[in-house]
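Examining the three-dimensional arrangement
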Amino acid sequence: MGALRPMGIERWWVLVFLTPTLIGLLLGTFGSIFATLGISFMDWDLLTPPTAAGISNYQGLPDDRLFMRSLWNTLAFAGLYVPLTVIISLFVALGLNRTIPGVSFFRVAFFLPTVSSPTAVGLLWTWIYAQDNGVLNEMITAMGGDPVRWLSRSVALYSVVIVNVWGAIGGGMIIFLAGLQAIPKDYYEVAEMDGAKSWQRLWFITLPALAPSMFFQCVLVTINAFQAFDYIYILTRTGNGNSTMPTLVFSIYRNGFRFFRMGDAAAQAVVLTCMIMVLTLIYFRLQKKWGAQA
């Protein structure tokens, strides 16, 4: 019994030190979720007391042109951003999972955009994409071409996808590198002895072994795609505070903090959360089915 008492005291101290984090989790995370859900059924402008609105905030979403345009832009952005980020991150990890001179430098170089300030990076790419005196247009003009409006409504989607993919490659590279280095070398040695070519070793050994890393990366990148805001807002903002390529998060920001329609903003946030939850559940169902077939 005497040996158990110190253990009990240690558990109490663990609880004491975890209490601030648990309080923050309950109030900051779960409290925010329930508050957002409640506000979505109200009319509130932050200045006057909220009034009940029922489901009118949700019913008005299909008639909200900004919301519908933002929904389409978000889906189009995710459709390009997710596969490009996963595929390029995988190939970068495969290339840097080798014993080559300067491999540590290249790993740091690819990972650096992930930990850089989105504001600073966004301003840098704004200068690169600038129509007048921008780096890309200067190169095009030097080769005899005409300047391109890289951030216009017709081209902005592809421009912001490039920037976001560039900023996300480093995180995916780290995930895939961890998965690659966990694969036993014996598998490759046996396959090489059996005469398997490099593409066969990649297809039959590397990719199946990376399935957990691939699943985690797909879920993470999909969530990030639907929550994308920083780069897109900095690159596509206009002089009147609008955006040439608004996304769902931009629509939530604009309704809540420019027009002070907190009920509409909360309803859109709830819809966005439900979309992410549904996509995540689909990923998990596909993973179970894939695992059962394998």
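As shown above, the structure is provided for reference.
Along each chain, residues carry numbers from 1 onward, in the same order as the chain's sequence is written. Given that this is a predicted model, residues contribute local features only at a pLDDT of at least 70 and side-chain atom pairs are listed and counted only at 80 or more, while totals for whole chains, interfaces and linings are drawn from all residues. In computing side-chain values, all of the structure's heavy atoms are included and hydrogens and water are not.

Comments concerning the overall build of the chain
- For the chain, the helix and strand inventory stands at 13 helices and two strands.
- Here the globule rule is a power law, 2.2 Å times the number of residues to the power 0.38, and the radius of gyration is based on C-alpha atoms. On C-alpha atoms alone, the chain measures out to a radius of gyration of 24 Å, which is more than a quarter above the 19 Å that the 2.2 N^0.38 rule sets for 294 residues.
- With the principal axes as the frame, the chain shows a C-alpha extent of 85 × 75 × 35 Å.
- Taking all 294 residues of the chain together, 34% fall into the buried category.
- Residues count as neighbours in contact if any of their non-hydrogen atoms are within 4.5 Å of one another. Within the chain, residue pairs in contact and separated by at least 24 positions form 66% of the contacts whose partners lie at least 6 positions apart.
- By element, 69% of the accessible surface of the chain is carried by carbon and sulfur atoms, the whole surface being about 18,100 Å².
- Only four residue types enter the charge count, namely Lys and Arg as positive and Asp and Glu as negative; His and the chain termini do not. Each charge is placed at NZ for Lys, CZ for Arg, CG for Asp and CD for Glu. Measuring between centres, the 18 positive side-chain charges of the chain sit 4 Å from its 14 negative side-chain charges. Counting from the N terminus, the helices are the DSSP runs of H or I reaching at least four residues and the strands are the DSSP runs of E reaching at least two. Between buried and exposed lies partly exposed: a residue is buried under 20% and exposed over 50% of the maximum accessible area for its type, with that area taken using a 1.4 Å probe on protein chains only. Note on areas: Shrake-Rupley, 1.4 Å probe, and residue coverage restricted to the protein chains presented here.

Some thoughts on the nonpolar core
- One finds Phe77, Tyr81, Trp125, Phe176, Leu235 and Met245 to be the most contacted residues of the largest nonpolar core, which totals 51 residues.
- Going through the elements one at a time, helix 3 (65–96), helix 5 (118–129), helix 7 (156–181), helix 10 (211–226), helix 11 (230–236), helix 12 (248–257) and helix 13 (262–293) are the ones with two or more residues in this core.
- If sequence neighbours within four positions are ignored, Tyr81 has contacts with Val161, Asn164, Val165, Ala168, Val221, Asn224 and Ala225. Throughout this description, the term nonpolar core refers to a set of buried Ala, Val, Leu, Ile, Met, Phe, Trp, Tyr and Cys residues connected via side-chain atoms within 4.5 Å.

Remarks on the packing of aromatic side chains
- Here the aromatic set is Phe, Tyr and Trp, taking the six-membered ring for Trp, and pairing holds for ring centres within 6.5 Å; pairs whose planes are under 30 degrees apart are stacked, those over 60 apart are edge-to-face, and all others are tilted. A full pass over the atoms with the stated rule returns 14 aromatic pairs.
- Each ring, one from Phe215 and one from Phe284, has its centre 5.0 Å from the other, and the planes form 75°; the classification is edge-to-face. Note that Phe215 is positioned in helix 10 and Phe284 in helix 13, a separation of 69 residues in sequence.
- One aromatic cluster is present, formed by Phe229, Tyr233, Phe250, Tyr253 and Phe257 through successive ring pairs.

As far as function goes, none of this settles anything; it's purely spatial.
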